[in-house]
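# Residue-level structure breakdown
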Amino acid sequence: MQFRIGLNLGEVIVDRGEVYGNGVNVAARLETLAEPAGICISGAARDAIGNKLALSYEYLGEHQVKNIEEPVRAYRVNFSGEPDMRNKVAAPPSRGRKLWPVAVAAALAPIALGAWFVLSRSAPTLSSPTVASAPAPVKANRIAVLPFANLSANPDNEYFSDGMTEEMISKLSRVPGLEVIARTSVIVYKGSNKKIAEIAKELNVSSVLEGSVRRNGDKLRITAQLINAANKAHLWSNDYDRDLRDVFAIQSDVARNVAEALRVTLSPTLAQQIEKKGTENLQAYDLYLQGIYHQSKGTADGLQASIELFSRAIEKDPRFARAYAVLALTFELQGIFGLVPQRIAFSKQAETARRSLALDDMIADAHNEIASAKLYLELDWVGAEKSLNRALELNPNLSGVYEGRALNLFCPLGRHDEALASERRAMDLDPHSSLTQGNLGWIYWCARRHDQAIEQFKIAIAREPTFNFNYWGIGLSYAAVGRFEDSIKSMQKYVEFSGGGGDSLGGLGWAYGMAGRRDEALAVLAKLKDLEKKGNVEKIAFALVHTGLGNKDAAFEWLEKVYADGNYQRLLYLNGGNWVDPLRADQRFAVFVKKLGLTK
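Residues numbered from 1 in each chain as written. Predicted model: local features only at pLDDT ≥ 70, side-chain atom pairs only at ≥ 80, totals over all residues. Heavy atoms only, no water.

The number of helices and strands found in the protein chain is 24 helices and 13 strands. Across the 600 residues that make up the protein chain, the buried fraction comes to 54%. Of all intrachain contacts in the protein chain linking residues separated by at least 6 positions in sequence, the fraction that spans at least 24 positions is 63%. Carbon and sulfur atoms form 52% of the exposed surface of the protein chain, whose accessible area is close to 27,100 Å². (Helix = DSSP H or I, 4+ residues; strand = E, 2+ residues; numbered from the N terminus. Buried < 20%, exposed > 50% of the residue type's maximum accessible area, 1.4 Å probe, protein only. Contact = heavy atoms within 4.5 Å. Areas by Shrake-Rupley, 256 points an atom, 1.4 Å probe, with all protein chains shown as cover.)

Spelled out as structure tokens, the structure:
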């Protein structure tokens, strides 16, 4: 357990067990300026201590404190005995210490102490890249919103504090001039005891927004503070003691104040967007936050639970546009991971995203979902690019849109330089994501830069050893450079972490075939036929194995079946992918990719 402590010397009032007064108020505000495991003291306390203790003090400047008329001098206690001279604020001349009389003759306490508890939980370990590189210069107005701490008595309110984090990222991401780190990269610091300066360095940000949420029934206490990472100065902070119905107003107020503190001007249109409530129905909003919480787990059960919660939210408020948008994403994820037949999943994705935009065409995530659906269902390359560009106009900080544009649009069309630039932008906004690391590997693979793809997939696997798609990618890349045994081992890992599904077996069968291990490839093919009788094998798996075996007629037959079923998502990467290299010389290949809107 770590403490933040605010220390002040001043008048307090004790009345029938209640302690209050300006002395307490100042201490409570100073607590918000302290770092975890740190102490922040007032000028009055500093003057009283003098040189009596073997400590040093870093002056943090004067701060206007809520409900206190005059600014309060604040100091950080440095236990090392040596003051931190970096970006130190010059201390003012010493002021005379005032000893105020007691307001009521109940009791006198010379020191008022205010502290909130920060519960420390272990955070995931961050793996370092295999090759060290100089950090990029920190950009001004590059900000990270750290996970808001759940200080509620009920631990089940975790979803609500996580939702507050998500909402603040979403609102700030829409502000032009701000670069906002994606949720997947800040969530690794949930419960972390790392100092703000360390986190800021790892994320390469200039400022950090942190806070806490305490919910008790319909009552909320939310604290938020914006910290300059360079000098640890507080650019803005506030406490909100409100009713639950005011949560939207709190979020908007925080976003406005952060923008103002960072000297970013909000246009009237953007200010209106930030003020906009997703719903007036608090029950719908609560269900929506629970859905986000379960969706972020990234499991089959989590996705199904989120669908049910989002659907219930929409029942409560049929005009809740953002709920439709996140529901569309959940349907897409079910299709991509093979949990639901793709045509069904992507049709639901498209329908739900369209309903979102019909209610509010300013939702960037919904435009992103429309773009994906246009590719998966229609192979509409032009329409998809327009939707992706519109999503980025509305929210230039959506790392997922940059990734989708790189992988699903630029790579298939052979626009590899644009794909790399777009993916690197995604990595800049989401630096700790193992998914972005792996996706860079896929772009190298698509560009046929297989040695770089192998090294990049190794980095991604080191960060997330059980993520199956990275083994699929590195397995393909190993085969491209003639390392067939390594390809087979990677494909075996792909099968292991995929639960033995048809797609992963298709990859393994392909690797066996490419390595000349025909009998083992045929054994995989026989297993796929058995699984097909149960109806849980994608047809692309058969095309993979037959391609590896060199059975061109059968391979094209299965590719045509995939196309006839409308499972276009499985065919997006034929243009640059090495798995179809045995088919490229056949004239049928040129005809087939032309149907997809691609070129040979």
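A few words on the packing of aromatic side chains. In this structure the tally under the stated criterion is 16 aromatic pairs. Seen from their ring centres, Tyr 288 and Phe 320 are 5.1 Å apart, and the 45° between their planes marks the pair as tilted. Of this pair, Tyr 288 sits in helix H8 (residues 282-295) while Phe 320 sits in the loop between helix H9 (300-316) and helix H10 (321-336), placing them 32 residues apart in sequence. Looking at Phe 320, the relative accessible area reads 2%, which means it is buried. The ring of Phe 160 carries Arg 215 above its face, with NZ or CZ at 4.8 Å from the centroid. Across the ring face of Tyr 563, the terminal group of Lys 595 is positioned such that the distance to the ring centre comes to 4.4 Å. (Phe/Tyr/Trp six-rings, centres within 6.5 Å; stacked < 30°, edge-to-face > 60°. Lys NZ or Arg CZ within 6 Å of the ring centre and 35° of its normal.)

Counting 85 residues, the largest nonpolar core has Leu 559 and Trp 579 as its most contacted members. Here the element with the most residues in this core is helix H22 (residues 540-549); it accounts for 7 residues. The residues contacting Leu 559, other than those within four sequence positions of it, are Ile 540, Ala 543, Leu 571, Trp 579, Leu 583 and Phe 592. Membership of the second largest hydrophobic core comes to 63 residues, among which are Phe 148, Val 264, Tyr 288 and Leu 289. (Core = buried A, V, L, I, M, F, W, Y, C linked by side-chain atoms within 4.5 Å.)

This part takes up the environment of Val 77. Here Val 77 is to be found in strand S6 (residues 72-78). As a C-alpha pair, Val 77 and Arg 46 span 31 residues in sequence and 9.5 Å in three-dimensional space. In contact with Val 77, other than residues within four places in its own chain, are Ile 39, Ile 41, Leu 55, Ser 56 and Tyr 57.

Across its 14 residues, helix H17 (residues 450-463) extends 20 Å between first and last C-alpha, which sits within 8% of the 20 Å expected from 1.5 Å per residue. Of all the positions in H17, only His 450, Ala 453, Ile 454, Gln 456, Phe 457, Ile 459, Ala 460, Ile 461 and Arg 463 are classed as buried. (Expected span 1.5 Å × (residues − 1).)

Turning our attention to the pattern of salt bridges. For the coordinates displayed, the defined rule picks out 36 salt bridges. Between Glu 179 and Arg 425 there is a salt bridge, with its nearest N and O atoms 3.6 Å apart. With Glu 179 in strand S10 (residues 179-180) and Arg 425 in helix H15 (residues 416-429), the pair connects residues that are 246 residues apart, well separated along the chain. Here Arg 221 ties to Asp 241 by a salt bridge, and the two come within 3.1 Å at their closest N and O atoms. Of this pair, Arg 221 sits in strand S12 (residues 219-228) while Asp 241 sits in strand S13 (residues 234-243), and the two are 20 residues apart along the sequence. Where salt bridges share partners, they join Arg 142, Glu 179, Arg 425 and Asp 428 into one cluster. (Salt bridge = Lys/Arg side-chain N within 4 Å of Asp/Glu carboxyl O.)

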